[in-house]
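# Coordinates in review
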Amino acid sequence: MKFLNPFIQAAIEVLKTEVAANPVRKDITLQQSSLTSDDITVFINLIGDVYGVVMYGMSTVTCLNMVSKILGQEFKEFNALAQSGVAELGNVISGQATIRFSEAGFKSNISTPTVLNGNGVEISTLDFPRVVVPLETQYGVLTVHLALREKKTGEAHLADNFISSIKASATPQDASLPPLTTG
């Protein structure tokens, strides 16, 4: 629950601010299925003290309604600009949630959003069950899917290990390449 609340609070605030929505949280469920059930899904990875995946799912109609409101123009098709708008919505919500994590003492970074178009896409969260929270608005339902864990003390994250192994294997002949940085 300590990871759920920052995302739900951030989603409600962002929906109120960006689309003038009045979101109502519906029943929370736990999902093991690896298939998406929404037409549009914004997928963002978290790395750090809190790691895993957050997804924001919605119908195409809901997406177009929200993106029309955010960008101030009517969208009738899910084109590149609509994709960019919905990706940014997921990015802003996730960014706000990680600020809340930071305030609680957890460091986490988010990836660039990935937008999936089409339901029934298989997304494996491995052995992470997903907490699913629908937020009903006048534009439709935005469903927040969270598959997150807290990194245990002394536990290196898979990405941390990968970056460390790349740095360790760099040789002097690699000097012409730009330095590898972590962000």
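Data block above holds the structure.
Below, the structure is looked at part by part. (Residues numbered from 1 in each chain as written. Predicted model: local features only at pLDDT ≥ 70, side-chain atom pairs only at ≥ 80, totals over all residues. Heavy atoms only, no water.)

## Digging into the nonpolar core
Residues Phe7 and Tyr56 are the most contacted members of the largest nonpolar core, which totals 38 residues. For this core, the element with the most residues is helix α1 (residues 4-19), which contributes eight residues. Setting aside residues no more than four positions away along its own chain, tyrosine 56 makes contact with Phe7, Ile40, Thr41, Val42, Ile44, Gly90, Ile93, Ser94, Leu142, Thr143 and Val144. (Core = buried A, V, L, I, M, F, W, Y, C linked by side-chain atoms within 4.5 Å. Buried < 20%, exposed > 50% of the residue type's maximum accessible area, 1.4 Å probe, protein only. Helix = DSSP H or I, 4+ residues; strand = E, 2+ residues; numbered from the N terminus. Contact = heavy atoms within 4.5 Å.)

## Here's the deal with helix α2 (residues 60-71)
For α2, which comprises 12 residues, the first-to-last C-alpha distance of 16 Å matches the rise-based estimate of 16 Å (1.5 Å per residue) to within 8%. Close packing links the buried residues of α2 with α1, β3 (40-48), β4 (50-58), α3 (80-103), β7 (130-137) and β8 (140-150). Residue glycine 72 follows α2 closely and has a positive phi angle near 70 degrees. (Expected span 1.5 Å × (residues − 1).)

## Things to note about the packing of aromatic side chains
The full count for this structure, using the stated rule, is three aromatic pairs. An angle of 75 degrees between the planes, with centres 5.6 Å apart, marks the rings of phenylalanine 3 and phenylalanine 106 as edge-to-face. Residue phenylalanine 3 is located in the segment before α1, and its partner phenylalanine 106 is located in the loop between α3 and β5 (108-110); the two are separated by 103 residues in the primary sequence. Assigned by exposure class, phenylalanine 3 and phenylalanine 106 land together as buried. Ring geometry for phenylalanine 7 against phenylalanine 101: centres 5.7 Å apart, planes inclined by 70 degrees, an arrangement best described as edge-to-face. You can see phenylalanine 7 sitting in helix α1 and its partner phenylalanine 101 sitting in helix α3, a full 94 residues away along the chain. Aromatic ring contacts, followed pair by pair, group Phe3, Phe7, Phe101 and Phe106 into a single cluster. (Phe/Tyr/Trp six-rings, centres within 6.5 Å; stacked < 30°, edge-to-face > 60°.)

## Observations regarding the pairing of β4
Counting buried residues in β4 gives nine out of nine residues, a clear majority hidden from the surface. The side-chain alternation of β4 yields two buried faces, one formed by Val50, Gly52, Val54, Tyr56 and Met58 and the other by Tyr51, Val53, Met55 and Gly57. Sheet topology places β4 next to β8; eight bridges connect them, and they run antiparallel. In the strand pairing of β8, glycine 52 is matched with leucine 148. (Pairing = 2+ DSSP bridges.)

## Concerning the side chain of aspartate 38
Within the secondary structure, aspartate 38 sits in the loop between β2 (29-31) and β3. The buried charged residue aspartate 38 lacks any salt bridge partner; its closest oppositely charged side chain belongs to arginine 130, at an N-O distance of 7.3 Å. A polar contact of 3.5 Å, which involves the side chain of aspartate 38, links it to the side chain of histidine 145. Residue contacts for aspartate 38: discarding those within four places in its chain leaves Gly57, Met58, Gly118, Asn119, Thr143 and His145. (Lys, Arg positive; Asp, Glu negative; His and termini not counted. Salt bridge = Lys/Arg side-chain N within 4 Å of Asp/Glu carboxyl O. Polar contact = N/O pair within 3.5 Å; in protein donor to acceptor, adjacent residues only side chain to side chain.)

## Topic: the environment of lysine 152
Its place among the elements puts lysine 152 in the loop between β8 and α4 (158-169). For lysine 152, a relative accessible area of 60% puts it in the exposed group.

## Regarding unusual backbone geometry
Positive phi values are uncommon outside glycine, yet alanine 20 reaches one of about 55 degrees. Here alanine 20 lies in the loop between α1 and β1 (24-25). Taking relative accessible area as the criterion, alanine 20 reaches 42% and is therefore assigned partly exposed.

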